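Each chain, letter by letter, is given below.
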Amino acid sequence: MDINLQFNIDYQTSYGDDLILNIIDNESRDVVAKYRMNTADGIRWTCDLRREAKPEAAICYYYSVERNGSETQHEWLVEPHMLDISAAKGVRYVVYDHWIAMPEDSYLYSSAFTECISRRRHRDLPPTDNSVTVTLKVRAPQLRSNHRLAVVGAQHVLGTWQLDKAKPMVEHQPNEWTIDINAAGMAGDTLEFKFVATDENQDLMPLWETQDNREITLPPMKTGDVVVYELNQAFFPIYNMKSAGTLVPVFSLRTDGSFGVGDFGDLCRMIDWVNVTGQRVLQILPINDTTTTKTWTDSYPYSCISIFALHPQYADLRQLPPLDNESDSKRFETLRRELNALTQIDYERVNRAKEEYLHLLYEQEGKAVLASQEFKDFFDDSEHWLVPYAQYCMLRDKNGTADFTLWENNTTWNEADRKNLTNQRSKAYREVAYFYYVQFVLDRQMRRAHDYAREKGVVLKGDIPIGVNRHGCDVWQEPRYFNLNGQAGAPPDDFSVNGQNWGFPTYNWDEMLTDGCRWWVCRFRNMAKYFDAYRIDHVLGFFRIWEIPADAVHGLLGHFAPSLGMTREEIEAYGLAWQEQLFTEPFITDWVLDRVFHEDAEAVRREFVEQAGYERYRMKEQYATQRKVEQWYLAEKAKGEPGRFSMPIESVRDGLYAIISNVLFVRDHKDHGRFHPRISVQFDFIYESLYDSDKYFFNRLYNDYYYRRNNQFWYQEAMKKLPLLVQATRMLVCAEDLGMVPDCVPWVMNELRILSLELQSMPKDTHVRFGRLDDNPYRSVCTISSHDMPTLRQWWDDDESRAQDYFNSVLRRDGAAPHPMPGWLAYDIIARHLASPSMLCILSIQDWLAIYENLRLADRNAERINIPANPKHYWRYRMHLNIEDMLGNGDLTASMTEMIRNGGRK
């Protein structure tokens, strides 16, 4: 028996547009069939289908608009239409849909709400024996975890407006409720009804939806008909929920049983602490593998070698079978106690020990594990990335370097190798199987932590770095997605006057867009296995990235890419007479050398520069770039000879870096006939040398370029990419939108309903020194510090004049600001942040503990996680308190719970 389906939707189109019905796979959400709909007036569209009858089935689908065969618009994809069909219910379905655009409260459809904060028990649709059925579907995302939806109306089948006879509905997909009504003999009748939210525990009064009564006039119907009405969202007088949370890296966690570094088992204990203190969010830093050198420099969590693979250091050895060799077990336990007693992480010793342990365990258990059905399921799901990653790791270890350009015959991934690497009988498989095993262990443990967080109603929030390691597996496997002749970074800011050079390759967005950003979509979908919310690191990179030449060390010689560089004619139109050599080559004169190098100026003149005419110098070829200067510096340090300069050799190096970046314009990295004003050049010698009139013209040009010229262009660039990624999963989307933020960023953030990041010390309003917490938008994350910033105590005590201003003008307190920061003052500041309108208030563990003078770390400077100005920073901060002790501290738990509740958060 076949089932006949008729889809109906009203949607105004333009001449030449077609409306398309897209049937999608229920799991992967990939389109499996497309049908062009019919219309007589360009408004009312229909499509008739015939499908094989099955006992129970659901069709997921969405509508899109096409012109000349190309999609120009589509519905919101996070929660598409769902139609429950079965031959037992009927053989002819008539569906009346409406176009689903991204709702203002789209965050309520995220798994952060549906699976954690407002998690409800789902029930199956009850069987029906109606001869004629009317199905009502409605979305009600405001409902809390204790709420259930019902319908009540004028007709007898709807309870005749009696609440105790209201008909309960079933939530057949997150936030969408449905009910089947026996409509026998009701053809032509008008249903009048409203939706009502009831309390599962019967502790609260029912809530009626806020709109007028709904009415539906039923069409002619016959036996076996099912008429489905998809109705507009139901709104209830329910206030917006606000929650609190903690930010802490997994590596920083500490329990009695840790192995010198936090692991996925410790993550479960931290979830317990978040839960008992009344918080709902636990945010962590990236947990992907970063292993390239197997030294402490790999501790940088934002330089991953794989966007999929997890870092082996996070394996919880306690969840694994014990080693059979008793001597080995005792040796590792002694080492564990020693490493766990350290105040900071010893990255190299910890990772060496865990690698050895996992190798021994693989020899002991690996064969059985790899033969298990659970591993086979994992392998089938992960093979697309796992196989190249495992071979990359094997070749990295075999060649003694992660620089794959040095791997003979293996400088890029060869897809033809996959067959042998997946054949369990091959030598190639045996060489990489250990890495399969480790990733399986890590995946199981992280999934358990994720499931545990959901059970506790805690949202695990991950972090998606903007870049990847240029010597990592992702670049090795798919080099076409990357520009290896540039480096990603950030322009100068208060934390780094020379800008930041992260060393990552920039993205080849033109190539990525050709396949719908498949690389990014897969990355986000993989994240959804472990998290229900995520932070997009440096979201500005999706608008434009700060791209630095490969031969530069600092960030000053970069420019935004993509961006609209300026032609010579455009520059001259501002009144600035173009002098290409003067403006684009390092401005080096005697007075510049004297100012930079003082008594060493003459030595620098002799060794590093040569005459260029017109009282100017140029760098000698062997020192012409910052990278060449860096090589000279490293060679000099290696010699270990007494310096021939009066100033430290590091000061000579930095001075040479400075004069190399002393240019007024930088050339566009792709089009050498276009130019960009050099960032922050107003503080440099070339700008100082200009006539006042030229400074005026340049400043006009500079401000137009950085704050107006590219706004629409960058908006369009972001809207090519971000909608694909935001709708790839149901995770709650948050973004780090700090720094040099163009006007188009909030346009896109609002359009895509992305939560912004709000710091009072870094206000979005450039006219004020400190932001007003009351002005925070609801769709935002409020915080005090991040992993890249000083903690609250450092911020307060490191700049007393700034602290005094904050004490008097923001806290409205008289007198001198106290130093060092007392606990009561930290409490006051945190309480104000908790009371802000922001949906989420997520504070670092260091800032939470700042309140408790008897618990916080005595040395405030030891709390710092990262210093962005130092690209070689050692990421080794570790909590000084065991999580077990925090869980057992009743005063701490009670105090935090009360503070969070008083802030209106739960």
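Presented here is an overview of the structure given in this document. Predicted model, so just to flag it, every value in this text is computed and none were measured. (Residues numbered from 1 in each chain as written. Predicted model: local features only at pLDDT ≥ 70, side-chain atom pairs only at ≥ 80, totals over all residues. Heavy atoms only, no water.)

Turning our eyes to something else, we now look at the overall build of the protein. Counting its secondary structure elements, the protein contains 26 helices and 36 strands. Computed over the C-alpha atoms, the radius of gyration of the protein is 31 Å, within 12% of the 29 Å expected from 2.2 N^0.38 for a compact globule of 906 residues. Overall, the C-alpha framework of the protein stretches about 105 × 80 × 70 Å when taken along its three principal axes. Here the analysis covers contacts within the protein between residues at least 6 apart in sequence; of these, 74% occur between residues at least 24 apart. Of the roughly 38600 Å² of accessible surface on the protein, a fraction of 48% belongs to carbon and sulfur atoms. (Helix = DSSP H or I, 4+ residues; strand = E, 2+ residues; numbered from the N terminus. Rg over C-alpha atoms; globule rule 2.2 N^0.38 Å. Contact = heavy atoms within 4.5 Å. Areas by Shrake-Rupley, 256 points an atom, 1.4 Å probe, with all protein chains shown as cover.)

The next thing to look at is the sheet that holds strand 24 (residues 500-501). The 4 strands are arranged 24-23-27-28 in an open sheet whose pairing can be described as antiparallel. The open sheet has two edge strands, strand 24 and strand 28 (559-561), and neither has a second partner. For strand 23 (residues 486-490) and strand 24, the ladder comprises 2 bridges, and the chain directions are antiparallel. Looking at the pairing, Gly489 lines up with Asn501 of strand 24. (Pairing = 2+ DSSP bridges.)

Leu267, Tyr436 and Trp520 are the most contacted members of the largest nonpolar core, which totals 238 residues. Per-element accounting of this core gives the leading share, 15 residues, to helix 7 (residues 427-455). Contact partners of Leu267, with chain neighbours within four places excluded, come to Val250, Leu253, Leu282, Ile284, Met446, Ala449 and Leu460. Of all hydrophobic cores here, the second largest spans 28 residues; its members include Trp177, Leu191, Leu218 and Phe236. (Core = buried A, V, L, I, M, F, W, Y, C linked by side-chain atoms within 4.5 Å. Buried < 20%, exposed > 50% of the residue type's maximum accessible area, 1.4 Å probe, protein only.)

Pairing within the open sheet is parallel, and its 8 strands lie in the order 33-26-21-20-19-36-35-34. Strand pairing shows two members of the sheet lacking a second neighbour, strand 33 (732-735) and strand 34 (756-759), which therefore form its edges. Shown here is a sheet whose adjacent strand axes are inclined to one another by a mean of 25°, direction ignored. The pairing of strand 20 (residues 281-283) with strand 21 (residues 459-464) spans 3 bridges and is parallel. Directly across from Leu282, in strand 21, lies its bridge partner Leu460. Here helix 10 (residues 518-527) sits on the sheet and contacts strand 21 and strand 26 (533-536); the angle it forms with strand 21, its principal contact strand, is near 150°. (Axes fitted to C-alpha atoms, helices over the stretch in contact; angles between N-to-C directions.)

Now for the environment of Lys294. Inspection of the secondary structure assignment puts Lys294 in the loop between strand 20 and helix 3 (326-340). The class for Lys294 is partly exposed, based on a relative accessible area of 34%. For Lys294 and Met270, which are 24 residues apart along the polypeptide, the C-alpha to C-alpha distance reads 28 Å. Excluding residues that lie within four positions of it along the chain, Lys294 makes contacts with Glu348, Glu355, Arg396 and Asp397. Looking at Lys294, its side chain comes within polar contact range of the side chain of Glu355, at 2.9 Å. (Polar contact = N/O pair within 3.5 Å; in protein donor to acceptor, adjacent residues only side chain to side chain.)

Right, let's get into the packing of aromatic side chains. Tallied over the full model, the rule gives 71 aromatic pairs. When the centroid spacing of 5.8 Å and the interplanar angle of 70° are considered together, the rings of Trp407 and Trp476 count as edge-to-face. Of this pair, Trp407 sits in the loop between helix 5 (373-399) and helix 6 (418-421) while Trp476 sits in helix 8 (residues 473-477), placing them 69 residues apart in sequence. On the basis of relative accessible area, Trp407 is assigned to the buried category, the value being 1%. Seen from their ring centres, Trp546 and Phe560 are 4.7 Å apart, and the 75° between their planes marks the pair as edge-to-face. A residue pair is termed long-range when its members are at least 10 positions apart, and Trp546 in strand 27 (residues 545-549) and Phe560 in strand 28 qualify at 14 residues. The residues Trp546 and Phe560 share a single accessibility class, namely buried. Counting every residue linked through ring pairs, the aromatic cluster contains Trp546, Phe560, Trp578, Phe583, Phe665, Phe675, Tyr687, Phe698, Tyr702, Tyr705, Tyr706 and Trp714. The positively charged end of Arg331 is found above the aromatic ring belonging to Phe332, 4.6 Å away from the centroid. Looking at Arg653, its charged tip hangs above the ring of Tyr633, at a distance of 4.4 Å from the centre. (Phe/Tyr/Trp six-rings, centres within 6.5 Å; stacked < 30°, edge-to-face > 60°. Lys NZ or Arg CZ within 6 Å of the ring centre and 35° of its normal.)

Following both chains from N to C, one finds helix 13 (residues 590-597) and helix 16 (residues 649-660) inclined at 145°, their axes separated by 10 Å at the closest point. Helix-helix and strand crossings are classified by hand; for helix 13 and helix 16 the assignment is right-handed. Residue-level contacts link Val592, Leu593, Val596 and Phe597 of helix 13 to Val652, Gly655, Leu656 and Ile659 of helix 16. (Left-handed = near helix turned anticlockwise from the far one by under 90°.)

Turning to helix 20 (residues 744-751), a few remarks are in order. Residues that lie three or four places apart on an α-helix share one face, since the helix turns once every 3.6 residues. For helix 20, the complete set of buried residues consists of Cys744, Val745, Val748 and Met749. Down the axis of helix 20, the sector holding all buried residues measures 135°, keeping them to one side. The secondary structure elements touched by the buried residues of helix 20 are helix 19 (711-726), strand 33 and strand 34. Following helix 20 by one or two positions, Arg753 adopts a phi angle in the positive range, close to 60°. (Arc of directions from axis to C-beta.)

What follows covers the pattern of salt bridges. According to the stated counting rule, one finds 75 salt bridges in the structure shown. Linking Arg269 and Asp272 is a salt bridge whose minimum nitrogen-to-oxygen distance equals 3.2 Å. Placement of the pair is Arg269 and Asp272 together in helix 2 (residues 264-276), with a separation of 3 residues, close to one helical turn. Notably, a salt bridge pairs Glu356 with Arg331, separated by 3.0 Å at the nearest N-O pair. (Salt bridge = Lys/Arg side-chain N within 4 Å of Asp/Glu carboxyl O.)

Let us now look at unusual backbone geometry. Between Ala561 and the following residue, Pro562, the backbone shows a cis peptide bond with an omega angle of -5°. By the secondary structure assignment, Pro562 is in the loop between strand 28 and helix 11 (568-573). Of note, the amide linkage connecting His819 to Pro820 takes the cis form, showing an omega dihedral of -10°. Examined against the element boundaries, Pro820 turns out to sit in the loop between helix 22 (800-809) and helix 23 (823-834). Phi is positive for Thr160, which is not a glycine, with a value near 45°. Relative to the elements of secondary structure, Thr160 occurs in the loop between strand 11 (147-153) and strand 12 (167-168). Non-glycine residue His598 carries a positive phi angle of around 55°. For His598, the location among the structural elements is in the loop between helix 13 and helix 14 (601-608).

Turning to the side chain of Asp17, a few remarks are in order. Among the secondary structure elements, Asp17 is positioned in strand 2 (residues 17-24). On the basis of relative accessibility, which here comes to 15%, the residue Asp17 falls in the buried class. A distance of 3.0 Å separates a polar atom in the side chain of Asp17 from a polar atom in the side chain of Arg67.

In this sheet, strand 9 (residues 92-97) lies alongside strand 1 (residues 2-10) in parallel orientation, the contact comprising 6 bridges. Bridged to Gln6 within strand 9 is Val94. Direction of pairing for strand 9 relative to strand 18 (residues 225-230): parallel, over a ladder of 5 bridges. When the bridges of strand 18 are listed, Tyr96 appears paired with Tyr229.

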